[in-house]
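The chain contents come next:
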Amino acid sequence: MLGKNPEKKPELFRPMLVDFINHEHELVLLSEKIDWNYFEKEFSPLYSKVGNPSHPIRFMVGCLLLKHLYNLGDETLEKAWIMNPYMQHFCGRVFFEHEFPCDPSNFVHFRKRIGEKGIEKIFAYSVRMHDAKTNTSNFVLSDTTVQENNTSFPTDAKLCKKVIDYCNKIAGNEGIKQRQRYTKVSKQMVRNTYNGKHPKRAKAARKSQRQLKTIAMRLIRELQRNFNAEQQEFYKDLMTLYTKVVTQKRNDADKIYSIHKPFTRCIAKGKAHSQYEFGNKVGLITTANKGKKIILGIKAFLQTPYDGHTIEPLLEQMETGGQKLPKELVYDRGGRGKSEIKGVKISIPSTPRKKDTAYQKQTKRKKFRTRAAIEPIIGHLKTDFRLAKNYFMGETGPQINALLAATAWNMKKMMELLKQKIIFLSYKIQIMLFSNPVFKNKLNSHSLKS
């Protein structure tokens, strides 16, 4: 059952948050700008009409936004929320609270409840908040980056050791008696593979790696022999995954780099400091006009598509979000391919044509130099808004994390705009007061008396 927001009624011994917070704070301004009823209407059908009351939708959506706005985790948000009255006001609380209203695991259940489509609605709303800005852009910028998954650096020995441990766990849960568990033996073999390129350790490392694969396959076959028909069907996909992990070779396509996140891919973007990144490719589209740039579309891809093939899904996402498609999209040389997609011209840097005038050459050069503005946006998304690493489980995790990071970026830009408006208004009022002769005379007389 859907829970209700706290009633805004004063109490005798508890001061209300609105009585002592600064109403010009950026979070207060943003909370007044957001139409919370929109989220209530969109997500209330997902709740039943019976059972225990849930936490209010404003509180849950507000916490999701705060998490990515201030680069906090589910657990660390709890500590920050208790100390910060502005966060509590943003989430719709009336009085200052000394305890967090829910367990951090409730955020996991809420994300599963609204799903990827619900997160897309939150992102689309963050774009609509900047309608005046997004409608004026004739051309947009696009690029891709890699969102790493929360996995350890993959090695064959480590993956085989995990398969051995998982097989032992399955056997224990199903009551299957094993001939040998290889717990201590496999642990020592993984140690033997450390620093395996050293001349004195190379031979022992290769031998231990072969033995780990042999043991892992032995345990997989033993489980398959002892499973009954029902267990065979239940563990079919897991056994296929474990077999692929153990038998895969260096040059195989679609290798498994993580057992708990098998959709992880090894991507090389040509970086000097990081030759390979283990995660998923993310494409995004931003506005190109001067000032604060807004993210119009963002999408995570479970496979590793060519950069030029990420443009069409991003434009489709803009259309489904009710946005107007731009006339032109500027990409780097990685976007070679189609010159037009869905009526949008795709521009990439190239040598100028002989018939181009000096003005046309200058305009093109300026346009392609503008495209570099998307690079710092990607950098800030990674360092400040949790796009650097995806901690969410499941195949929808990369997309949910990317959407929330982009939503936080758009909300942050709105906070800055609202703060600038307040500063401008206060400055304008001061000018009007000082230009008023009556106020001037009163001020002068007061200064003479003092």
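Residues numbered from 1 in each chain as written. Predicted model: local features only at pLDDT ≥ 70, side-chain atom pairs only at ≥ 80, totals over all residues. Heavy atoms only, no water.

**Some words on the overall build of the protein**
Defined as follows: Only runs of H or I of at least four residues qualify as helices and only runs of E of at least two qualify as strands under DSSP, and these elements are numbered from the N terminus. Taken over C-alpha atoms, the radius of gyration is set against a globule rule of 2.2 Å times the number of residues to the power 0.38. The rule is simple: take the accessible area with a 1.4 Å probe, protein chains only, and divide by the maximum for that residue type; under 20% is buried, over 50% is exposed, in between is partly exposed. Note on areas: Shrake-Rupley, 1.4 Å probe, and residue coverage restricted to the protein chains presented here. Positive charge is attributed to Lys and Arg, negative charge to Asp and Glu, and no charge count is given to His or to the chain ends. To locate a charge, take atom NZ for lysine, CZ for arginine, CG for aspartate or CD for glutamate.
Check the secondary structure of the protein and you find 18 helices and eight strands. Taking 2.2 N^0.38 as the reference for a compact globule, 450 residues should give roughly 22 Å; the C-alpha atoms of the protein span a radius of gyration of 28 Å, well beyond that estimate. Counting only C-alpha atoms, the protein reaches 100 × 80 × 45 Å along its principal axes. A total of 450 residues make up the protein; the buried ones form 44% of that total. Element-wise, carbon and sulfur atoms account for 53% of the exposed surface of the protein, whose accessible area totals about 25,700 Å². Charge separation in the protein, taken as the distance between the mean sites of 81 positive and 42 negative side-chain charges, equals 8 Å.

**Structural notes on the side chain of Ser-347**
The condition that has to hold: In protein, a polar contact means a hydrogen-donor-capable atom and an acceptor-capable atom, both N or O and within 3.5 Å, with residues adjacent in sequence counting only if both atoms are side-chain atoms; elsewhere, any N or O pair within 3.5 Å suffices. Contacts: residue pairs with any heavy atoms within 4.5 Å of one another.
If you trace the backbone, Ser-347 turns up in strand β7 (residues 344-347). When its relative accessible area of 8% is taken as the criterion, Ser-347 is described as buried. Side chain to side chain, Ser-347 and Glu-328 meet in a polar contact 2.4 Å long. Residue contacts for Ser-347: discarding those within four places in its chain leaves Glu-328, Leu-329, Val-330, Tyr-331 and Phe-368.

**As for the environment of Leu-296**
The residue Leu-296 is located in strand β4 (residues 295-301) in this model. With relative accessibility at 3%, the residue Leu-296 sits in the buried group. For the pair Leu-296 and Asn-149, spaced 147 residues apart in the sequence, the C-alpha separation amounts to 24 Å.

**A look at empty space enclosed by the protein**
Let me state the cut-off plainly: Method remark: on a 1 Å grid restricted to protein atoms, a set of points is classed as a cavity if a 1.4 Å probe fits but cannot get out and as a pocket if it is open with protein on both sides within 12 Å along at least five of seven lines; lining residues have an atom within 4 Å of a point. Grid points are joined across faces, edges and corners, and a volume is the space filled by probe spheres set on the points. Three residue categories are used. Nonpolar comprises Ala, Val, Leu, Ile, Met, Phe, Trp, Tyr, Cys and Pro, charged comprises Asp, Glu, Lys and Arg, and polar comprises the others, including Gly.
Enumeration according to the criterion identifies one cavity of 30 Å³ or more in this entry. Its volume calculated, the largest cavity comes out at about 70 Å³. Forming the walls of the largest cavity are Thr-151, Ser-152, Phe-153, Pro-154, Thr-155, Lys-158, Leu-159, Lys-162, Tyr-257, Ser-258, Ile-259 and His-260. Class assignment for the residues of the lining of the largest cavity results in five nonpolar, five polar and two charged.

**Thoughts on the domain arrangement of the protein**
Reports of interface size often rely on the accessible area that becomes lost once the parts have come together. This is how the line gets drawn: Residue ranges assigned to the domains are those given by an automatic or database domain assignment. Each of two parts loses accessible area, computed with a 1.4 Å probe, when they are put together; buried area is these two losses added. Put simply, a salt bridge is a Lys or Arg side-chain nitrogen that is within 4 Å of an Asp or Glu carboxyl oxygen.
The domains assigned to the protein are domain 1 (17-102), domain 2 (130-151 + 263-408) and domain 3 (156-247). A separation of 30 Å is found between the C-alpha centroids of domain 1 and domain 2. Contact residues are listed per partner, giving eight residues for domain 1 and 10 residues for domain 2. When domain 1 packs against domain 2, the two sides together hide about 770 Å² of surface, and 59% of this comes from carbon and sulfur. Three residues stand out in domain 1 for area buried against domain 2, namely His-68, Leu-69 and Asn-71, and they jointly supply 67% of the buried area on that side. The interface formed by domain 1 and domain 2 includes zero salt bridges. For the pair domain 1 and domain 2, the number of links is four residue pairs in polar contact (both at pLDDT 80 or more). Here the side of domain 1 that touches domain 2 is built from residues that sort into four nonpolar, three polar and one charged.

**Points about the packing of helix α4 (residues 57-69) against helix α5 (residues 74-83)**
The cut-off we apply is this: Throughout, an axis means a line fitted to C-alpha atoms (over the contacting stretch in the case of helices), and angles, computed between N-to-C directions, take values from 0 to 180 degrees. Each angle gets one of four labels, with under 35 degrees taken as roughly parallel, over 145 as roughly antiparallel, 65 to 115 as roughly perpendicular, and the rest as oblique.
One way to put it is that α4 packs onto α5 with a least axis distance of 10 Å and a crossing angle of 100 degrees. Classified by the angle between their axes, α4 and α5 sit roughly perpendicular to one another. Each of Phe-59, Cys-63, Leu-66 and Lys-67 in α4 lies in contact with α5, whose residues at this interface are Asp-74, Leu-77 and Trp-81. Looking at side-chain class alone, the contact of α4 with α5 contains five nonpolar, no polar and two charged residues.

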